[in-house]
Amino acid sequence: MGNVLFNYLGNGVSEDLREEIARLGKAYDADDSIQLTPTLQMADTSRNVNRVKDLPKDQVYEGVQNPYVLVINNVNFKDDPIPRNGAEHDLENVETFLREAGFESVEKRCDLEKKEMMAAFDETRKSIESGKHDGLICIIMSHGDDKGIKCTNGETIPVDEITSKFRGSDESCPQLAGKPKLFFLQACRGIVDDRGYLHRSSWQEDDVVADSFSSERTSLTLPSDADFLISYSTTTGYKSYRRFTMATAGAPPSETLGSWFIFTLMRVLRENSHKDDLMTMLTKVNQEMIKYATGKGCKQIPSHVSMLTRKVFFTNFFNKTF
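Residues numbered from 1 in each chain as written. Predicted model: local features only at pLDDT ≥ 70, side-chain atom pairs only at ≥ 80, totals over all residues. Heavy atoms only, no water.

An unreviewed UniProt entry lists the protein chain under the name Caspase-3, with Pocillopora meandrina as the source organism.

Here is the structure:
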């Protein structure tokens, strides 16, 4: 713990600071890590309304301005005496983005057992049915495994059991038909550490071509899972990390960033929503996160499963001035 930081600061680190870093070098979800990361700042925005209006209507959603937002943050678990330290900073970063986005319909829940989480999803669906919302944003921060999201009583909810409640079909949530349903999940998906690999500059290309032709007629109905995005903090089977950071060189380390994924996601959304669509921003999240590593060299890459049929813009950011 701290080798990356010591290398960065060189001989300017006092012995007292070295001891303090070593003392605080405890693991979060798996291993410890220190990153020097700039403070969150919203970039200057510019007018992009006309650019989006010029896009064909079948290529862009009308603009996510008034989505229903559900935030669940599980910190304390009955079968684990150690809380998800740093989770409060994830929540702060999420709240900052939601506030700057101007989203008004926001429901926040903490430390939910399975029956409470399922009730929260049902209540969200009822709220959407009674309101005029142009989409759904669901952010869940918790422990997890390859089976799904962990609840505070130790039970697990499969992700597809959650998303199935918000399909646009008549029996689920018809008010969300044709509207974006965005899920951001901060949780482990297994117990494996991603050790990364050595990148080589040249690769052997496979001489494989697959052509296919289908004569099936296009249906006018929408698939059940159309317009969903499920953004996982990590890939199947792997751990998802939280971390220490130092705001400025020479300052004592502190638990200020929470998880790699939520911090990076919220920063990228805040800095780029005035000009980029969501999938472009999620690619930027991946570009940032490949730079991170734990003290033992473990890595993490988010996985974004998109069933979106058009581009998503958070248009409330377009005309903001800062």
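## Points about the sheet that holds strand 6 (residues 148-150)
As summarised here, the arrangement of the 3 strands in space is 5-6-7, forming an open sheet in which the pairing is antiparallel. Of all the strands in the sheet, just strand 5 (144-145) and strand 7 (156-157) have a single pairing partner and so form its edges. Examined bridge by bridge, strand 5 and strand 6 share 2 bridges and lie antiparallel to one another. Residue pairing for strand 6: Asp-145 is matched across the bridge by Gly-148. (Pairing = 2+ DSSP bridges. Helix = DSSP H or I, 4+ residues; strand = E, 2+ residues; numbered from the N terminus.)

## Some words on helix 8 (residues 278-289)
In a regular helix each residue adds 1.5 Å, so 12 residues correspond to 16 Å; helix 8 covers 17 Å between its end C-alpha atoms and thus fits that length. Of all the residues in helix 8, the buried ones are Leu-278, Met-281, Leu-282, Val-285, Asn-286 and Met-289. Projected down its long axis, helix 8 shows its buried positions confined to an angular sector of 150°, all on one face. The N-cap of helix 8, judged by a side-chain oxygen 3.2 Å from the amide nitrogen of Met-279 a few residues on, is Asp-277. (Expected span 1.5 Å × (residues − 1). Buried < 20%, exposed > 50% of the residue type's maximum accessible area, 1.4 Å probe, protein only. Arc of directions from axis to C-beta. Polar contact = N/O pair within 3.5 Å; in protein donor to acceptor, adjacent residues only side chain to side chain.)

## A word on helix 5 (residues 114-130)
Compared with the 24 Å implied by 1.5 Å per residue over 17 residues, the 25 Å span of helix 5 between its first and last C-alpha is a close match. When helix 5 is considered as a whole, its buried residues turn out to be Met-117, Met-118, Ala-120, Phe-121, Thr-124, Arg-125 and Ile-128. One face of helix 5 carries all of its buried residues, which in axial projection span an arc of 155°. Turned more than 90 degrees away from the buried face of helix 5 sit Lys-115, Lys-126 and Ser-130, all of them exposed.

## A word on unusual backbone geometry
You will see that Asp-111, though not glycine, has its phi angle at about 50°, which is positive. Within the secondary structure layout, Asp-111 lies in the loop between strand 3 (105-110) and helix 5. Even without a glycine there, the phi angle at Asp-227 is positive, about 75°. Structurally, Asp-227 is set in the loop between strand 8 (181-186) and strand 9 (228-232). Asp-227 gets classed as buried once you look at its relative accessible area, which sits at 2%.

## A word on the packing of aromatic side chains
Across all of its chains, the model carries 10 aromatic pairs by this definition. Ring centres 5.8 Å apart and planes at 20° place the aromatic pair Phe-97 and Phe-317 in the stacked group. Here Phe-317 lies in the segment after strand 12 (303-306) and Phe-97 lies in helix 4 (residues 87-101), a separation of 220 residues in the sequence. According to the relative accessible area criterion, Phe-317 is buried, its value standing at 0%. Ring centres of Tyr-241 and Trp-260 lie 5.1 Å apart, and the angle between their planes is 35°; on these two criteria the pair is classed as tilted. With Tyr-241 in the loop between strand 9 and strand 10 (242-246) and Trp-260 in helix 7 (residues 260-272), this pair connects stretches of sequence that are 19 residues apart. Of the two residues, Tyr-241 and Trp-260, neither departs from the other in class, the shared state being buried. A connected cluster of aromatic rings, assembled from ring pairs, spans Phe-97, Phe-103, Phe-314 and Phe-317. It is Lys-181 that lies over the ring of Phe-228; its NZ or CZ is 5.3 Å from the centre. (Phe/Tyr/Trp six-rings, centres within 6.5 Å; stacked < 30°, edge-to-face > 60°. Lys NZ or Arg CZ within 6 Å of the ring centre and 35° of its normal.)

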